[in-house]
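Read off the chains here:
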Amino acid sequence: MARGHWFYRVSHAAIYEWLSSRAREPLRQRGIKHAQITFGLLQDSRVDEEYILKLLPELPPGDSSFTRTPSLDKFKHEFDALVSPRVRDEN
């Protein structure tokens, strides 16, 4: 779904997967619930309506997390994508 920056994405995905794998058992032992998968983390200001519309039908069953903190100043396009009527209606 994401475009470009392949080395960045693959290297960071590997790092996040390694860190996550180390955290799973301690979280389980403590009874701490968490999302099984996170989206948007490697998008780095490239979340737009097209990305979200592609993502929604691909969400797996269960808990997921979508990580974005759109700025109304610098990354208003991300905010606009998140509140888009097309995205809302796709839900």
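Overview of the structure. (Residues numbered from 1 in each chain as written. Predicted model: local features only at pLDDT ≥ 70, side-chain atom pairs only at ≥ 80, totals over all residues. Heavy atoms only, no water.)

This brings us to the overall build of the protein chain. Secondary structure assignment for the protein chain yields 4 helices and 2 strands. The helix and strand sequence of the protein chain, counted from the amino end, reads α-β-α-β-α-α. Its C-alpha atoms put the protein chain at 40 × 30 × 25 Å along the principal axes. Across the 91 residues that make up the protein chain, the buried fraction comes to 15%. (Helix = DSSP H or I, 4+ residues; strand = E, 2+ residues; numbered from the N terminus. Buried < 20%, exposed > 50% of the residue type's maximum accessible area, 1.4 Å probe, protein only.)

A surface patch of nonpolar side chains, about 480 Å² in accessible area, is lined by Ile-15, Tyr-16, Trp-18, Leu-19 and Leu-41. Residue class for Leu-19 comes out partly exposed when judged on its relative accessible area of 43%. (Patch = residues over 30% accessible without salt bridge, like charges linked within 9 Å, V, L, I, M, F, W, Y side chains within 5 Å. Areas by Shrake-Rupley, 256 points an atom, 1.4 Å probe, with all protein chains shown as cover. Salt bridge = Lys/Arg side-chain N within 4 Å of Asp/Glu carboxyl O.)

For the rest of this paragraph, the subject is helix H1 (residues 6–30). Helix length check: H1 (25 residues) gives 35 Å between terminal C-alpha atoms against 36 Å at 1.5 Å per residue, within 8%. A positive phi of about 75 degrees marks Gly-31, the residue just after H1. (Expected span 1.5 Å × (residues − 1).)

Time to look at the pattern of salt bridges. Scanning the model with the defined rule gives 7 salt bridges in all. Taking the shortest distance from any N to any O, the salt bridge between Glu-50 and Lys-54 comes out at 3.2 Å. On the criterion of helical spacing, the pair formed by Glu-50 and Lys-54 is a turn pair, its members being 4 residues apart in helix H2 (residues 49–55). Take Glu-50: its relative accessible area is 40%, and that puts it in the partly exposed class. For Lys-54, a relative accessible area of 35% gives the class partly exposed.

We now examine the nonpolar core. Within the largest apolar cluster, 8 residues are counted, these being Phe-39, Val-47, Tyr-51, Ile-52, Leu-53, Leu-55, Ala-81 and Val-87. When residues in this core are grouped by element, the largest group, 4 residues, is from H2. Those residues within four positions of Ala-81 in sequence are excluded, and the remaining contacts are Val-47, Asp-48, Glu-49, Ile-52 and Val-87. (Core = buried A, V, L, I, M, F, W, Y, C linked by side-chain atoms within 4.5 Å. Contact = heavy atoms within 4.5 Å.)

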